[in-house]
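# A structural walkthrough
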Amino acid sequence: ENSPPKSVTITSHMGKQELFSFFSDNGINYDNIDHPEVFTVDAMMPYLTNIKGAIGKNLFLKDKKTKALYLLTANHDREVKLNDVAKAVGAKELRFADTELMYEKLGVREGCVTPFALVNDKANDVTLLVDKLLVSGDVETVSFHPLVNTATTTISSKDFNKFLYLTRHKVIQF
């Protein structure tokens with residue numbers, strides 16, 4: 001009688017503050033800038049004029065044939081051709097995955113997708129396709145949304161690699 005209605009889904013997805021706690025608990029230093037809600041990299045850039053290093057753009061994708069899930073993360077100014085990425089990672093055909101699936105797996109809504117959302121994919125269903133620049137050490141810092149699109153969070157490239165190790169996700173560089 002006191003149970004929630006069937007349409008209510010109770011999740012244990014982390015939010016921004018829990019992500020920051022995860023960083024602190026794991027010795028990952030971060031800087032955060034709050035800004036108005038943005039849905040594209042172009043809309044975000046005017047708020048990030050003082051940020052050095054790489055600024056990420058992200059796409060949540062699905063292999064049309066195998067249904068495998070991918071989070072693609074690249075430097076904001078890198079041209080990404082999905083057909084080329086698919087060939088490079090051995091996927092048949094990459095398509096945008098549906099936003100409900102994105103929320104279910106990563107705990108983020110449209111405009112908020114970020115590699116930091118891998119902390120919410122406890123089943124490790126999502127493979128990260130990452131621009132080599134972001135993990136090679138060629139840039140000192142990387143910046144992404146902290147699970148919301150009203151802020152941008154910067155960590156060192158070294159700490160980004162540490163974060164990826166901690167989430168235990170498969171990572172494919174392109």
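Starting afresh in each chain, residues are numbered from 1 along the sequence in its written order. Where totals are concerned, whole chains, interfaces and linings use all residues; where local detail is concerned, this predicted model gives features only for residues with pLDDT of at least 70, and gives and counts side-chain atom pairs only at 80 or more. Heavy atoms throughout the structure, all of them, feed into the side-chain values; hydrogens and water do not.

### Here we look at the pairing of strand β3 (residues 69–75)
Here the term buried applies to any residue with accessible area under 20% of the maximum for its type, exposed to any over 50%, and partly exposed to those in between, with areas from a 1.4 Å probe on protein chains only. Think of it this way: any DSSP run of H or I at least four residues long counts as a helix, any run of E at least two long counts as a strand, and we number them from the N terminus. A large share of β3 lies buried, amounting to seven of its seven residues. Of the strand pairs in this sheet, strand β2 (residues 54–63) and β3 are connected by seven bridges, and their pairing is antiparallel. Bridge pairing in β3 places Lys-62 opposite Leu-69. In this sheet, strand β5 (residues 126–130) lies alongside β3 in parallel orientation, the contact comprising five bridges. Across the sheet, the residue bridging to Leu-71 is Leu-128, located in β5. In this scheme, strands are said to pair when DSSP sees at least two bridges between them.

### What to know about the pattern of salt bridges
What makes a salt bridge here is a side-chain nitrogen of Lys or Arg within 4 Å of a carboxyl oxygen of Asp or Glu, nothing more. Summed over the entire model, instances satisfying the criterion amount to eight salt bridges. Measuring nitrogen to oxygen at the nearest pair gives 2.9 Å for the salt bridge that ties Lys-16 to Asp-34. Here Lys-16, found in helix α1 (residues 16–25), pairs with Asp-34, found in strand β1 (residues 31–34); they are 18 residues apart in sequence, far enough to count as distant. When the shortest N-O distance is used, the salt bridge between Glu-93 and Lys-64 registers 4.0 Å. Of this pair, Glu-93 sits in the loop between α3 (82–89) and β4 (94–96) while Lys-64 sits in the loop between β2 and β3; the two residues are 29 residues apart in sequence, bridging distant segments of the chain. In this structure Glu-93 comes out as partly exposed when scored by relative accessible area, which is 22%.

### Description of the confidence of the model for the protein
With 94% of its residues at a pLDDT of 70 or more, the protein shows a mean pLDDT of 93. For every residue, the pLDDT score states the predictor's confidence, bounded by 0 at the bottom and 100 at the top. Only heavy atoms matter for contacts: two residues are in contact if any of them lie within 4.5 Å across the pair. Confidence drops under pLDDT 50 across residues 3–8; counting only partners more than four residues distant or on other chains, this segment forms one contact.

### Describing the layout of surface pockets
A water-sized probe, rolled over the atoms, reveals where empty space remains. Considering only enclosed or pocket space, the largest pocket measures out at about 500 Å³ in volume. A per-element tally of the lining of the largest pocket places β2 first, with six residues. We call Asp, Glu, Lys and Arg charged. Ala, Val, Leu, Ile, Met, Phe, Trp, Tyr, Cys and Pro are nonpolar, and the rest, Gly among them, are polar. Among the residues forming the lining of the largest pocket, the class breakdown is 15 nonpolar, eight polar and three charged. Definitions used throughout: a 1 Å grid over protein atoms alone; a cavity as a set of points that fits a 1.4 Å probe which cannot get out; a pocket as an open set with protein on both sides within 12 Å along at least five of seven lines; a lining residue as one with an atom within 4 Å of a point. Grid points are joined across faces, edges and corners, and a volume is the space filled by probe spheres set on the points.

### Notes on the packing of aromatic side chains
Between two aromatic rings, the relevant description is the distance of the centres plus the angle of the planes. Ring pairs are drawn from Phe, Tyr and Trp, using the six-membered ring of Trp, whenever the two centres fall within 6.5 Å, and their geometry is named by plane angle: stacked under 30 degrees, edge-to-face over 60, tilted for the rest. Within the structure shown, the criterion is met by nine aromatic pairs. The interplanar angle of 35° and the centroid separation of 6.5 Å between the aromatic rings of Phe-20 and Phe-23 together place this pair among those described as tilted. One end of the pair, Phe-20, and the other, Phe-23, are both in helix α1, three residues apart, so they sit about a helical turn from each other. By relative accessible area, which is 5% here, Phe-20 ends up buried. The buried category is assigned to Phe-23, whose relative accessible area is 0%. Here the aromatic rings of Phe-23 and Phe-163 are separated by 6.0 Å at their centres, their planes lie at 80°, and the arrangement is edge-to-face. Here Phe-23, found in helix α1, pairs with Phe-163, found in helix α6 (residues 157–167); they are 140 residues apart in sequence, far enough to count as distant.

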